[in-house]
Amino acid sequence: LQGKKLMVVAYNNKLTWILKTALDLGMDIVKVGMINFSQDVYPENPFKDKILDWEVDYTAEKRRQDVSRLKPDLVLANYNGPNMDDAPYHDTIQLTPEGGFQSGIALAKRWVTIFQQNVQEGWRSDEKYFKKYQG
């Protein structure tokens, strides 16, 4: 995971366990966007020297623009849906981590598995069958 670009978009401010895991793995956190959630108070960026782009009152439109501009390898968010953006990989942030020191290890294993997946749909390779029929 070292060198992979990570973008995090979240409702909750308790992200230290995720951010620390990513930084320990050598990932480059290119953006943290905190969505305005009236029942939560957003802390200041606890990793100011390592995460330069930390934004509160974040929106879905900003997310689309930032994914296009920053081109992260992985977007972590509390919500993911169709047509959110064009990042190659997405994962959903758990509201609470697994207990104990294993939480970071489990997270890292999950991300490795995501990057090992073949995300190209099988039908996309059917093009070869139709080329012989084209003039």
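Please refer to the structure placed before this passage.
Residues numbered from 1 in each chain as written. Predicted model: local features only at pLDDT ≥ 70, side-chain atom pairs only at ≥ 80, totals over all residues. Heavy atoms only, no water.

In this section: the pattern of salt bridges. Following the criterion strictly, the structure yields nine salt bridges and no others. K20 is paired through a salt bridge with D24; the nearest N and O atoms lie 3.2 Å apart. Within this pair, K20 and its partner D24 are both found in helix α1 (residues 16–24), separated by four residues, close to a single helical turn. Classification of K20 by relative accessible area gives partly exposed; the value is 42%. (Salt bridge = Lys/Arg side-chain N within 4 Å of Asp/Glu carboxyl O. Helix = DSSP H or I, 4+ residues; strand = E, 2+ residues; numbered from the N terminus. Buried < 20%, exposed > 50% of the residue type's maximum accessible area, 1.4 Å probe, protein only.)

Right, let's talk about the packing of aromatic side chains for a bit. Applying the stated criterion across every chain, the model contains one aromatic pair. Judged by centre distance (5.1 Å) and plane angle (65°), the ring pair of Y89 and F115 falls under edge-to-face. One end of the pair, Y89, is in strand β5 (residues 89–92); the other, F115, is in helix α3 (residues 102–116), and 26 residues separate them in sequence. Neither residue differs from the other here; Y89 and F115 are each classed as buried. Note that K4 overlies the ring of F115, its terminal NZ or CZ placed 4.6 Å from the centroid. (Phe/Tyr/Trp six-rings, centres within 6.5 Å; stacked < 30°, edge-to-face > 60°. Lys NZ or Arg CZ within 6 Å of the ring centre and 35° of its normal.)

Positive phi is not limited to glycine here, since D57 has a value of about 55°. Its location among the elements puts D57 in strand β3 (residues 54–58). Judged by relative accessible area, which is 42%, D57 ranks as partly exposed. With a phi close to 50°, K71 is a non-glycine residue in the positive phi region. Residue placement: K71 occurs in the loop between α2 (60–70) and β4 (74–77). Taking the relative accessible area as the measure of exposure, K71 reaches 55% and is therefore exposed.

Here we come to the packing of α1 against α3. Viewed as axis vectors pointing N to C, α1 and α3 meet at an angle of 65°, and their least axial separation amounts to 10 Å. In the packing of α1 onto α3, the handedness of the crossing is right-handed. Within the contact between the two elements, α1 uses W17, I18, T21 and A22 and α3 uses G104, L107 and W111. Across the contact of α1 with α3, the residue classes break down as five nonpolar, two polar and no charged. (Axes fitted to C-alpha atoms, helices over the stretch in contact; angles between N-to-C directions. Left-handed = near helix turned anticlockwise from the far one by under 90°. Contact = heavy atoms within 4.5 Å. Nonpolar A, V, L, I, M, F, W, Y, C, P; charged D, E, K, R; others polar.)

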